[in-house]
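What follows is each chain in one-letter form.
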Amino acid sequence: MPLTDEHYAHILAVCIDAVLTKRATVDACVQQYPQYADSLRQELRLALLTKKLKPVTMSDTKVDTLQAHLMQAFDTRKIIRPRFDMWRKNAAAIIIALLVVFAGSAGTVAASSNALPGDTLYAVKRWWESVVVFISTIVGNTETVLIHLAETRLDEIQQLRLRGADYATNLSDLASAIDDILRYNNDLTAREYDFLVATHQFLTQIEGVQAIPSTQTILDEIVPLLETNPEQPPASDVLSDVPMTPTPTATVVPSVIVSPSPTVTTTPIPAITQVFTATPSVTPRIPPTPTRTSTPTPVTPIIMPTSTQPTPTPTWTAFPTSTLAPTVTPSAPVLFVTPPANTGNFIIPQPSVTWYPWQQATWDVCYLTRTVDPYGNQNDPYCNPTPIPSPDWQAAETERP
Amino acid sequence: MKRVEEQRMIQLAKTGDAQAFAQLYRAHVQAIFRYMYYRLNDIHLAEDMTADVFTRALKDLPTYHDMGKPFLAWLYRIAHARLVDYYRKIGRRGTEDELDDSIMVQQIDEHADIQLLRKQMAQALHHAISKLIPSQQEVVVLRFIEEKSLEETALIMDKKVNAIKALQHRALKTLAQLLKQMGFDGDEFLSGLS
């Protein structure tokens, strides 16, 4: 702005203030600054004219309506918080974001537990298995994890076959899983033996499987093992997992509830005998405690079916029942006269159509957190989910007291 | 409303006192409405924009900080921002070169009634103000309609006093040109009306 304009702007401002506040008239100002007379007069009059414009107002009705609207909005808006709370809001947002990421990852892993080869989440399932295997090498239960994974591979193949999908390529995964088991230990556990039997049955009895090249590779590997272990006890011999000296001292009070049927005393005796006369080849993985080496006493527990059993055939009640525990003396070892399904130190639930992701997640936690307990980890809630066996496994599963 | 009382009301409103906000609204709604009306030259649009300004003020109240300026200055800033948004939305800005011939006041009849002339003059002035550029509109409304001092206007518009003086001069000069184009160019006429 030229100096003259700036000077004129100042004069105009002074005159406007004087005229608007009635300290001077337009003419008085013009006379004082004659060099700007024309423009000063015109602009001062315009300023006065603008001031005299009829004042417009918003109608009272509109004002009240808007106020009501604002009050309604005021009531429904968020509670106003001081600014120093902003960091808390941000921290909460970060925590929530982390939880969402963590829950999302855990949820994805859990959701992948039922995935089959070819499914979108199958890669996640295999990745999580590798994580579990890695951790198991630290925790020390790799053997159990490996047999679990091998069983999972076999189950996947069976499910693929039921779907009518191609499972030939997955037999190589099964072969790798069997290799892992055999490479890890020399002596087969009952569970491993059962698994090999089941694998053998599948490979030899299912039509069309023999034509697959990997089949013969697996059979070549497992048939000699099955032939050299003809006396291997049937499924889930607890002696393979539960520490026990050849002279067990347990005094199991035969207080098991007797079923109404008198014929029940005849059946399970041979199996029980077999259990207590465990062969030395079974290597306890957990050193026995001193309390377990007391004097052996002939124990002949009479195992009875539960009263709810409709048939005279004796069976064991499912998973630990409260009726047996109080009858065992405190120092006596708990004898699994009949092995739990799939044995191990605890029951490994088998994947099935009713095996839910949360169960898988819980079971994974069990793997990672359990402490080896010869009593079957009954005090560890993570390791005792109620398994829901699939029909395929139900036949081979033996119940335990 | 006095400054101290206004500050107390603002704090109450920030802590959830609806009646305090209502008092602030009542104290300033007409000023904001006039500001909108003289800048838009449309009473219904001015009402809508006034509602928009106070709704926005309610939303932004938690972030309001007293920087030594009157609460009305904050409301004017909101109103200014809403106007900028409005002009951007309709793709039009008021410039001193624009003139809408359809609402141009007809040639003055020197024998017409003085009241009619006043009315025509007022309409022409309204229209001319609405054709100023935004900063000139703002200074005219604040200085001559709201009768704010130079210092208050500078505070509200966040400018220096000298800048307000210059804006004021340019605004009046442009208004005179616009009115001249509408036929209101006689100095005697202006003298007679005022």
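Structure first, text after, so check above.
Computed from a predicted structure; not experimentally measured.

(A) Seen up close, the overall build of chain A. When helices and strands are counted, chain A shows 13 helices and 0 strands. Counting from the amino terminus, chain A carries its helices and strands in the arrangement α-α-α-α-α-α-α-α-α-α-α-α-α. Going through the 401 residues of chain A one by one, you find that 44% of them count as buried. Long-range contacts, defined as pairs at least 24 residues apart, comprise 73% of the intrachain contacts of chain A with a sequence gap of at least 6. Accessible surface for chain A amounts to roughly 21200 Å². Of this, 62% is attributable to carbon and sulfur atoms.

(B) Quick peek at a nonpolar patch on the surface. Residue and element names in this part refer to chain A. On the surface, Phe 134, Ile 138 and Val 139 cluster together into a nonpolar patch covering about 320 Å² of accessible area. Structurally, Ile 138 can be placed in helix H6 (residues 122-139). On the accessibility criterion, Ile 138 (61% relative accessible area) is exposed.

(C) Region of the structure containing the packing of aromatic side chains. Residues and elements named next belong to chain B. Inspection of every chain in the model, using the stated rule, returns 12 aromatic pairs over all chains. With 5.4 Å between their ring centres and 40 degrees between their planes, Phe 71 and Trp 74 make a pair best called tilted. With Phe 71 and Trp 74 both in helix H4 (residues 71-90), this residue pair falls 3 residues apart, about one helical turn. Residue class for Phe 71 comes out buried when judged on its relative accessible area of 1%. Taken together, the aromatic side chains of Phe 33, Tyr 37 and Tyr 38 make up a single cluster linked through ring pairs.

(D) Quick peek at the interface of chain B and chain A. Counting residues at the interface gives 51 residues for chain B, matched by 39 residues for chain A. Carbon and sulfur atoms supply 67% of the area that chain B and chain A bury against each other, a total of about 4200 Å² over both sides. Our count for the contact surface shared by chain B and chain A stands at 3 salt bridges. Glu 47 of chain B is the salt-bridge partner of Lys 62 of chain A, the closest N and O atoms lying 2.7 Å from each other. For the interface between chain B and chain A, the tally reads 8 residue pairs in polar contact (both at pLDDT 80 or more). Mapped by element, the contributors of at least two residues to the side of chain B that touches chain A are helix H1 (3-14), helix H2 (18-40), helix H3 (43-60), helix H5 (114-130), helix H6 (134-145), helix H8 (161-182) and helix H9 (187-193) of chain B. In terms of residues, the side of chain B that touches chain A owes the most to one element, H2 of chain B, which gives 11 residues.

(E) Structural view of the pattern of salt bridges. All names here are of chain A. One pass over the full model with this rule turns up 18 salt bridges over all chains. As a salt-bridge pair, Asp 119 and Arg 163 come within 3.8 Å of each other at their nearest N and O atoms. Residue Asp 119 is found in the loop between helix H5 (86-111) and H6, and its partner Arg 163 is found in helix H7 (residues 142-163); the two are separated by 44 residues along the sequence. For Arg 163, a relative accessible area of 54% translates into the label exposed. Glu 129 is paired through a salt bridge with Arg 153; the nearest N and O atoms lie 2.9 Å apart.

(F) Structural view of the nonpolar core. With 92 residues, the main nonpolar core has Leu 40 and Leu 44 of chain A together with Leu 175 and Leu 179 of chain B as its most contacted residues. If you tally residues by element for this core, the top one is H2 of chain B, at 15 residues. When residues of this core are assigned to domains, at least three map to each of domain 1 (3-90) and domain 2 (101-190) of chain B.

(G) Inspection of unusual backbone geometry at higher detail. Here Lys 22 of chain A, not a glycine, exhibits a phi torsion of approximately 60 degrees, which is positive. In this fold, Lys 22 of chain A is placed in the loop between helix H1 (3-20) and helix H2 (26-32). Residue classification places Lys 22 of chain A among the exposed positions, given a relative accessible area of 73%. Despite not being glycine, Asp 158 of chain B has its phi angle at roughly 55 degrees, a positive value. Mapped onto the elements of the fold, Asp 158 of chain B is located in the loop between helix H7 (150-157) and H8.

Calculation notes
Residues numbered from 1 in each chain as written. Chains lettered and ligands numbered in written order. Predicted model: local features only at pLDDT ≥ 70, side-chain atom pairs only at ≥ 80, totals over all residues. Heavy atoms only, no water. Helix = DSSP H or I, 4+ residues; strand = E, 2+ residues; numbered from the N terminus. Buried < 20%, exposed > 50% of the residue type's maximum accessible area, 1.4 Å probe, protein only. Contact = heavy atoms within 4.5 Å. Areas by Shrake-Rupley, 256 points an atom, 1.4 Å probe, with all protein chains shown as cover. Patch = residues over 30% accessible without salt bridge, like charges linked within 9 Å, V, L, I, M, F, W, Y side chains within 5 Å. Salt bridge = Lys/Arg side-chain N within 4 Å of Asp/Glu carboxyl O. Phe/Tyr/Trp six-rings, centres within 6.5 Å; stacked < 30°, edge-to-face > 60°. Buried area = accessible area lost by both parts, 1.4 Å probe. Polar contact = N/O pair within 3.5 Å; in protein donor to acceptor, adjacent residues only side chain to side chain. Core = buried A, V, L, I, M, F, W, Y, C linked by side-chain atoms within 4.5 Å. Domains from an automatic or database assignment.

Without other data, these values stay purely geometric and don't point to any function.
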